[in-house]
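Structure assessment
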Amino acid sequence: MARPDYLICLECESEVEDFIWRDGEIRRATCEVCGNSDVDAFSLPEEFEPEDDEEDVDDEQTEEDDLEEYDEEDEDSEDEEDEER
Ligand SMILES: [Zn+2]
């Protein structure tokens, strides 16, 4: 993995350019805003804003709407058939 331009401080969500990157990992990072220096408390920009998660949320909402509409339509169609016959 290539060295990112900056990291995201998970403590204050600031962009941190002062860090040491080696072998695809964060070796040392210091946030100038909040003083955080724990490498586990920094995230790569691409991991901090995952677009896939937003798409998953939309899918769950759509499934719930479909189930509600299906139940209502099913009951209505049964009633109409009984009246016609
Ligand atoms: Zn910070």
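Just above sits the structure.
Overview of the structure.

Section: the overall build of the chain
From N to C terminus, the chain includes two helices and five strands. Out of the 85 residues in the chain, the part that is buried amounts to 7%. Sequence-distant contacts in the chain: of pairs separated by 6 or more residues, those separated by 24 or more amount to 36%.

Quick notes on the sheet that holds strand 1 (residues 7-9)
Across the sheet, which stays open at both edges, the three strands sit in the order 2-1-5 with antiparallel pairing between neighbours. Of all the strands in the sheet, the pair left with one neighbour each is strand 2 (15-16) and strand 5 (42-43). Both strand 1 and strand 2 contribute to a ladder of two bridges, which runs antiparallel. The partner of Leu7 across the bridge, within strand 2, is Val16.

A closer look at unusual backbone geometry
Note on backbone geometry: most residues besides glycine have negative phi, and most peptide bonds are trans. The phi torsion at Glu13 lies on the positive side, around 60°, for a residue other than glycine. Residue position: Glu13 is located in the loop between strand 1 and strand 2. One non-glycine residue, Asp23, lies in positive phi territory at about 55°. Mapped onto the elements of the fold, Asp23 is located in the loop between strand 3 (19-22) and strand 4 (25-29).

Considering the nonpolar core
In this structure, Leu7, Ile8, Cys9, Ala29, Cys31 and Phe42 together form the largest nonpolar core, which totals six residues. The greatest single-element share of this core, amounting to three residues, is contributed by strand 1. For Ala29, the residues in contact, after removing those within four places along its chain, are Leu7, Val16, Phe19, Ser37, Val39 and Phe42.

Some words on the environment of Leu10
Relative to the helices and strands, Leu10 resides in the loop between strand 1 and strand 2. Residue Leu10 is classed as partly exposed on the basis of its C-beta count, with 15 C-beta atoms lying within 10 Å. For Leu10 and Cys31, which are 21 residues apart along the polypeptide, the C-alpha to C-alpha distance reads 9.8 Å. When sequence neighbours within four positions are dropped, the list of residues in contact with Leu10 reads Ala41, Phe42 and Ser43.

Description of the pairing of strand 3
In the sheet, strand 3 pairs with strand 4 via four bridges, with the strands oriented antiparallel. Bridge pairing in strand 4 places Ile20 opposite Arg28. The turn linking strand 3 back onto strand 4 is made up of two residues, and Asp23 within it adopts a positive phi angle of 55°.

Conventions adopted
- Residues numbered from 1 in each chain as written.
- Predicted model: local features only at pLDDT ≥ 70, side-chain atom pairs only at ≥ 80, totals over all residues.
- Helix = DSSP H or I, 4+ residues; strand = E, 2+ residues; numbered from the N terminus.
- Buried ≥ 20, exposed ≤ 12 C-beta atoms within 10 Å, placed from the backbone.
- Contact = placed C-beta atoms within 7 Å.
- Pairing = 2+ DSSP bridges.
- Core = buried A, V, L, I, M, F, W, Y, C linked by C-beta atoms within 7 Å.

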